[in-house]
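Residues per chain are reported as follows:
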Amino acid sequence: MDSPHQSKRSKRPNFSVEFKRQSLIGTAKLNGIEPQAYLRYVLARIADHAINRIDELAPWVVAAQLRTTA
């Protein structure tokens with residue numbers, strides 16, 4: 001029996017999260033880089049990166065650098 005405090009929304013799969021995950025993987029692959037390497041690269045830099053320059057961390061911008069370090 002379901003808990004009265006559990007919302008109906010929590011029973012549904014979260015397609016938004018899955019879509020974002022697949023989008024990240026697909027975009028990295030389309031740019032010729034390994035998704036896990038791209039994610040490591042971004043996570044290592046994002047905390048100290050200026051928000052107005054976030055586009056510098058896009059896969060198509062860092063692809064050449066990641067391919068040369070691989």
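Residues numbered from 1 in each chain as written. Predicted model: local features only at pLDDT ≥ 70, side-chain atom pairs only at ≥ 80, totals over all residues. Heavy atoms only, no water.

- The name given to the chain in an unreviewed UniProt entry is Transposase IS66 C-terminal domain-containing protein, and the organism recorded there is Paraburkholderia terricola.

What about the overall build of the chain?
- The secondary structure content of the chain amounts to three helices and zero strands.
- Element order for the chain, N to C, with α for helix and β for strand: α-α-α.
- Here the chain holds 70 residues, and 21% of them are scored as buried.
- Of the contacts formed within the chain by residues at least 6 apart in sequence, a portion of 46% connects residues at least 24 apart.
- Of the accessible surface of the chain, which amounts to about 5900 Å², a share of 58% is contributed by carbon and sulfur atoms. (Helix = DSSP H or I, 4+ residues; strand = E, 2+ residues; numbered from the N terminus. Buried < 20%, exposed > 50% of the residue type's maximum accessible area, 1.4 Å probe, protein only. Contact = heavy atoms within 4.5 Å. Areas by Shrake-Rupley, 256 points an atom, 1.4 Å probe, with all protein chains shown as cover.)

Observations regarding the nonpolar core
- Judged by nonpolar contacts, Ala28, Ile33, Tyr38, Tyr41, Val42, Leu57, Val62, Ala63 and Leu66 together constitute the single largest core of nine residues.
- Elements with a minimum of two residues in this core: α2 (35-45) and α3 (59-69).
- When sequence neighbours within four positions are dropped, the list of residues in contact with Tyr41 reads Leu57, Val62, Gln65 and Leu66. (Core = buried A, V, L, I, M, F, W, Y, C linked by side-chain atoms within 4.5 Å.)

Focus: the pattern of salt bridges
- Scanning the entire structure with this criterion turns up two salt bridges.
- Between Glu18 and Arg21 there is a salt bridge, with the nearest N and O atoms lying 2.7 Å from each other. Note that Glu18 and Arg21 are positioned in helix α1 (residues 15-30) at a spacing of three residues, about one turn of the helix.
- Given a relative accessible area of 34%, Glu18 falls into the partly exposed group.
- Of the residues examined, Arg21 reaches a relative accessible area of 41% and is grouped as partly exposed.
- Two residues, Glu56 and Arg53, come together in a salt bridge whose shortest N-O distance is 3.0 Å.
- Given a relative accessible area of 33%, Glu56 falls into the partly exposed group. (Salt bridge = Lys/Arg side-chain N within 4 Å of Asp/Glu carboxyl O.)

Here's the deal with the UniProt feature "domain: Transposase IS66 C-terminal" (unreviewed entry) in the chain
- Cross-referencing UniProt, the feature "domain: Transposase IS66 C-terminal" (unreviewed entry) maps to residues 23-60 in the present numbering.
- The annotated region residues 23-60 carries 55% helix and 0% strand content, and the separation between its end C-alpha atoms amounts to 13 Å. (UniProt positions renumbered as here; feature names shortened; annotations may be inferred.)

Structural notes on the side chain of His49
- Along the chain, the position of His49 falls in the loop between α2 and α3.
- Residue His49 is classed as buried on the basis of its relative accessible area, which comes to 19%.
- Of note is the side chain of His49, whose polar atom sits 3.3 Å from the side chain of Glu56.
- Sequence-distant contacts of His49, defined by excluding residues within four places in its chain, comprise Ile54, Glu56 and Leu57. (Polar contact = N/O pair within 3.5 Å; in protein donor to acceptor, adjacent residues only side chain to side chain.)

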